[in-house]
Amino acid sequence: ENNICLCRFTEDIRNMHQRIQFLHSKPQEKKVFQAVECDIHETAKNKKGKRRFVIMHDQTLNRMCGLSGKNIYQKKLTYQKIRSKYHIKTGNNIESYTKKQLRIPSLEEYLSICKRYHMKPVIEIKQKMKKDTIKRLYQSLKKAKMQNQAVVTCKYKQQLTYMRKYARKMPLEYVRHDFTQNDLSWMKKYHINVSINKNILSDDMIQLFERNNIKINIWTINNKDQLYNFTNKGIKIVTSDDTLWKE
């Protein structure tokens, strides 16, 4: 009853819009899906020295934009160039959209859709960002009045430590494929929760996190058997690529 499921989405912002509309059209989905997860990258500076954040899983545009040859990194391109020159060319339902619709979304677009549908934004930092970049990310959340709803996740300790300085009460999650005692000590010090691969999460680890008041988000759960297995063990937050309750 109190479980929360995070829904991942593709880089196509229209796809995200339609998926959230679907979740809200089904009473059971609307009740359970409370958050939408994305990955962000920072762009290069424009002529005015301004950088932006864009939504993209990969560090490069090659896979999603169908590019061959050398790697094309978002961090080396301005936001204006990314938006005008590159479009999504691979992914689910790609044939259903026009070229104009298959744009690479900005952080602001993502936040506006989350806000419209009362969904919690869960933002994974994919780069080793500098302290001032983390500050700008927090300021972007604050400008959108989403700083009290958002969750920020990252696999790098330093970036989460930076964010904790600005966001004293924001839920933060340490993304892990493994886990050590040193991780636990650091997480307790900075009040960090865990986002962990389901394949390494043992019953002993679940008990360890619970004893230390660390909330657990597991990924990626895409079938009902796995879902019920973990929720029966007390897991309340799962990340999925699909709507596991649809008929």
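Residues numbered from 1 in each chain as written. Predicted model: local features only at pLDDT ≥ 70, side-chain atom pairs only at ≥ 80, totals over all residues. Heavy atoms only, no water.

**Q** Explain the overall build of the protein to me, please; I cannot follow it from the model alone.
**A** On a plain count of helices and strands, the protein comes out with ten helices and nine strands. In the protein, which comprises 247 residues, the share counted as buried stands at 51%. Residue pairs in contact within the protein that sit at least 24 positions apart in sequence constitute 55% of those at least 6 positions apart. Looking at the protein as shown, the accessible area adds up to about 13400 Å², and 46% of this sits on carbon and sulfur atoms. (Helix = DSSP H or I, 4+ residues; strand = E, 2+ residues; numbered from the N terminus. Buried < 20%, exposed > 50% of the residue type's maximum accessible area, 1.4 Å probe, protein only. Contact = heavy atoms within 4.5 Å. Areas by Shrake-Rupley, 256 points an atom, 1.4 Å probe, with all protein chains shown as cover.)

**Q** Honestly, the confidence of the model for the protein in this entry has me stumped. Any pointers?
**A** Residues with a pLDDT of 70 or more make up 85% of the protein, whose mean pLDDT is 87. Confidence drops under a pLDDT of 50 for residues 9–14, and excluding neighbours within four residues, the segment shows 28 contacts in the predicted structure. (pLDDT = per-residue confidence, 0-100.)

**Q** Quick question: what am I supposed to make of unusual backbone geometry here?
**A** Glycine aside, the phi torsion of most residues is negative, and most peptide linkages are trans. The residue after Trp219, namely Thr220, is reached through a cis peptide bond having omega -10°. Among the structural elements, Thr220 can be located in the loop between β8 (216–219) and α10 (224–231). Phi is positive for His118, which is not a glycine, with a value near 55°. Residue placement: His118 occurs in the loop between α5 (107–116) and β4 (120–125). Owing to a relative accessible area of 71%, His118 belongs among the exposed residues under this scheme. Positive phi values are uncommon outside glycine, yet Asn213 reaches one of about 55°. When you line up the elements, Asn213 lands in the loop between α9 (203–211) and β8.

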